[in-house]
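Results of the structural survey
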Amino acid sequence: MHEASLAGGILKLVEDAARREGFRRVTALRLEAGQLCGVETRALRFALEAIAPRTCLEGAAIDILEPPGTAWCLPCGASVQIMRRGDACPRCRSHQLQATGGTELRVLELQVEDS
């Protein structure tokens, strides 16, 4: 489950920001995990909640947005929405797709309490 290591990376990013910016606690963490980024959001949420005790994430509300995957279809030249990598183009059924969106995993917003 690589979501556990991703959660550790997110915690490190947040703790680095806390040291740099001088806040002690995160009250809300908002993430974006696109449908094509390869992350199981329920597992990521579980991993974040499991490592949060005794860190600045303890008690934080965690919101994970899941934007849809989008791709450019080479044969028909259309921008299409897909649910997962390997899906066919919904217009022409081709598999020659280049992902253009929904591939990101990123921290969008932190709401914090100052020291």
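What you are looking at is a predicted structure, and each value in this text was computed from that prediction instead of being measured.

1. Some details on the sheet that holds strand E6 (residues 105–114)
- One open sheet holds the three strands; their spatial order is E2-E1-E6, and the pairing between them is mixed. The outermost strands of the open sheet, each flanked by one partner alone, are strand E2 (61–65) and E6. Across the sheet, the mean angle separating the axes of adjacent strands is 20 degrees when strand polarity is ignored.
- Bridging between strand E1 (residues 23–33) and E2 involves five bridges; their strand directions are parallel. By the bridge assignment for E2, Arg-30 is matched with Asp-63.
- Packed on one face of the sheet, helix H1 (residues 3–21) meets E1 and E6 and runs near 135 degrees to E1.
- Against the sheet, helix H2 (residues 41–51) touches E1, E2 and E6, its axis set at about 160 degrees to E2.

2. Some details on the nonpolar core
- Residues Val-26, Leu-29, Leu-44, Leu-48 and Leu-57 are the most contacted members of the largest nonpolar core, which totals 22 residues.
- Put simply, the parts of the chain that give this core at least two residues each are H1, E1, H2 and E2.
- In terms of residue count, H1 provides more of this core than any other element does, six residues in total.
- Judged by nonpolar contacts, the second largest core, of seven residues, contains Leu-36, Ala-71, Cys-73 and Ile-82.

3. Overview of the confidence of the model for the chain
- On average, the chain scores 95 in pLDDT, and the residues at 70 or more come to 98%.
- Ranking the elements of the chain by mean pLDDT puts E6 last, at 94, and E2 first, at 98.

4. Considering unusual backbone geometry
- For Arg-54, which is not a glycine, the phi torsion comes out positive at approximately 65 degrees.
- Examined against the element boundaries, Arg-54 turns out to sit in the loop between H2 and E2.
- Here Arg-93, not a glycine, exhibits a phi torsion of approximately 70 degrees, which is positive.
- Here Arg-93 is to be found in the loop between strand E4 (79–82) and strand E5 (97–101).
- Arg-93 gets classed as exposed once you look at its relative accessible area, which sits at 57%.

5. Some remarks on the sheet that holds strand E3 (residues 69–73)
- What the three strands build is an open sheet, ordered E4-E3-E5; its pairing is antiparallel. Both edges of this open sheet fall to E4 and E5, since each of them pairs with a single strand only. When the angles between neighbouring strand axes are averaged without regard to direction, this sheet yields 40 degrees.

6. Quick notes on the pairing of E3
- Of the two faces of E3, only the one carrying Gly-69, Ala-71 and Cys-73 is buried; Thr-70 and Trp-72 on the other face are not.
- Relative to E4, E3 is paired through four bridges, and the arrangement is antiparallel. Looking at E4, one finds that Thr-70 is bridged to Gln-81.
- Of the strand pairs in this sheet, E3 and E5 are connected by four bridges, and their pairing is antiparallel. Among the inter-strand pairings, Thr-70 is bridged to a residue of E5, identified as Gly-101.

Cut-offs applied
- Residues numbered from 1 in each chain as written.
- Predicted model: local features only at pLDDT ≥ 70, side-chain atom pairs only at ≥ 80, totals over all residues.
- Heavy atoms only, no water.
- Pairing = 2+ DSSP bridges.
- Helix = DSSP H or I, 4+ residues; strand = E, 2+ residues; numbered from the N terminus.
- Axes fitted to C-alpha atoms, helices over the stretch in contact; angles between N-to-C directions.
- Contact = heavy atoms within 4.5 Å.
- Core = buried A, V, L, I, M, F, W, Y, C linked by side-chain atoms within 4.5 Å.
- Buried < 20%, exposed > 50% of the residue type's maximum accessible area, 1.4 Å probe, protein only.
- pLDDT = per-residue confidence, 0-100.

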